[in-house]
Amino acid sequence: MDKVKRLIAALGMIPAVVVFVGAIYGILSFTLPTSWFCKIEAVKAQKLGLNAMAYYGVATNRSRSDQGQLFLLREDVDASIEHLQVGDKLRAASEVNLVSISNFGVDLYHGKDCTNKPTLEKRTISILQKDECVIVVSDEKMIISKEILDCTPGNKAISGGYIKVATTPCGLF
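If you're wondering where the values come from, they're calculated on a predicted model, not measured in any experiment.

### Quick word on the overall build of the protein
So, step 1. Secondary structure summary: the protein contains three helices and seven strands in total.
So, step 2. Starting at the N terminus and walking to the C terminus, you meet the elements of the protein as α-α-β-β-β-β-β-β-α-β.
So, step 3. In the protein, which comprises 173 residues, the proportion classed as buried is 34%.
So, step 4. Nonlocal contacts in the protein, meaning residues at least 24 apart in sequence, comprise 73% of its contacts between residues at least 6 apart.
So, step 5. If you sum the accessible surface of the protein, you get close to 10,800 Å²; carbon and sulfur atoms cover 61% of it.

### A few points about the nonpolar core
So, step 1. With 18 residues, the main nonpolar core has Tyr56, Leu70, Leu84, Leu90 and Ile163 as its most contacted residues.
So, step 2. Of all the secondary-structure elements, those providing two or more residues to this core are strand S1 (51–58), strand S2 (70–72), strand S3 (89–92), strand S4 (96–99), strand S6 (133–143) and strand S7 (159–168).
So, step 3. Of the residues forming this core, the biggest block, four residues, is contributed by S1.

### Some points on the pattern of salt bridges
So, step 1. Considering all chains together, one arrives at two salt bridges under this definition.
So, step 2. The salt bridge involving Lys89 is made with Glu41; its shortest N-O contact spans 2.8 Å. With Lys89 in strand S3 and Glu41 in helix H2 (residues 34–48), the pair connects residues that are 48 residues apart, well separated along the chain.
So, step 3. Classification of Glu41 by relative accessible area gives partly exposed; the value is 23%.
So, step 4. Here Lys164 and Glu140 are joined by a salt bridge, their closest N and O atoms 3.2 Å apart. One end of the pair, Lys164, is in strand S7; the other, Glu140, is in strand S6, and 24 residues separate them in sequence.
So, step 5. By relative accessible area, Lys164 is classed as buried at 17%.
So, step 6. Exposure remark for Glu140: the relative accessible area of 42% places this residue in the partly exposed category.

### Here we look at the confidence of the model for the protein
A low pLDDT means the predicted coordinates there should not be read in detail.
So, step 1. Across the protein, the average pLDDT comes to 76, with 69% of residues at or above 70.
So, step 2. Mean pLDDT across the elements of the protein ranges from a minimum in helix H3 (residues 146–151), with 64, to a maximum in S3, with 90.

What counts, and where the lines are drawn
Residues numbered from 1 in each chain as written. Predicted model: local features only at pLDDT ≥ 70, side-chain atom pairs only at ≥ 80, totals over all residues. Heavy atoms only, no water. Helix = DSSP H or I, 4+ residues; strand = E, 2+ residues; numbered from the N terminus. Buried < 20%, exposed > 50% of the residue type's maximum accessible area, 1.4 Å probe, protein only. Contact = heavy atoms within 4.5 Å. Areas by Shrake-Rupley, 256 points an atom, 1.4 Å probe, with all protein chains shown as cover. Core = buried A, V, L, I, M, F, W, Y, C linked by side-chain atoms within 4.5 Å. Salt bridge = Lys/Arg side-chain N within 4 Å of Asp/Glu carboxyl O. pLDDT = per-residue confidence, 0-100.

Next up, the structure:
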């Protein structure tokens, strides 16, 4: 009988613990910078999602370039590749090739003018579908120079390159 009373008392504490933990989480969400939560989400996505490289290109006024089909969900900063940070979410406007991460760091562009076109032995490992999201998981970027971007006929990109990403849900969960 005594054990039953202790068990009932212990079970009675569960709602209080849940409310306490929820209150701590609520206080931290208002006091800690949001960048912490973005970085935590990036680490979680890196462990649970598909890790790859994706091309990100932006034209003027935050619009996507012809080849860049990812757009930045955060609106408070310049959308150029140089300003992307760990934890930034990107949504696909159409299908996006996710390329093997083993290509990262490869010398992609041998020429400094339009005589040598950019080359990358792409090894597509997956295709991100329209309206699916990825999250930036590394500050490392393979930025393509403006001279090389200008070589591509019809290209409107003012900033572009490859970034390390991981698949993640677009919303909170």
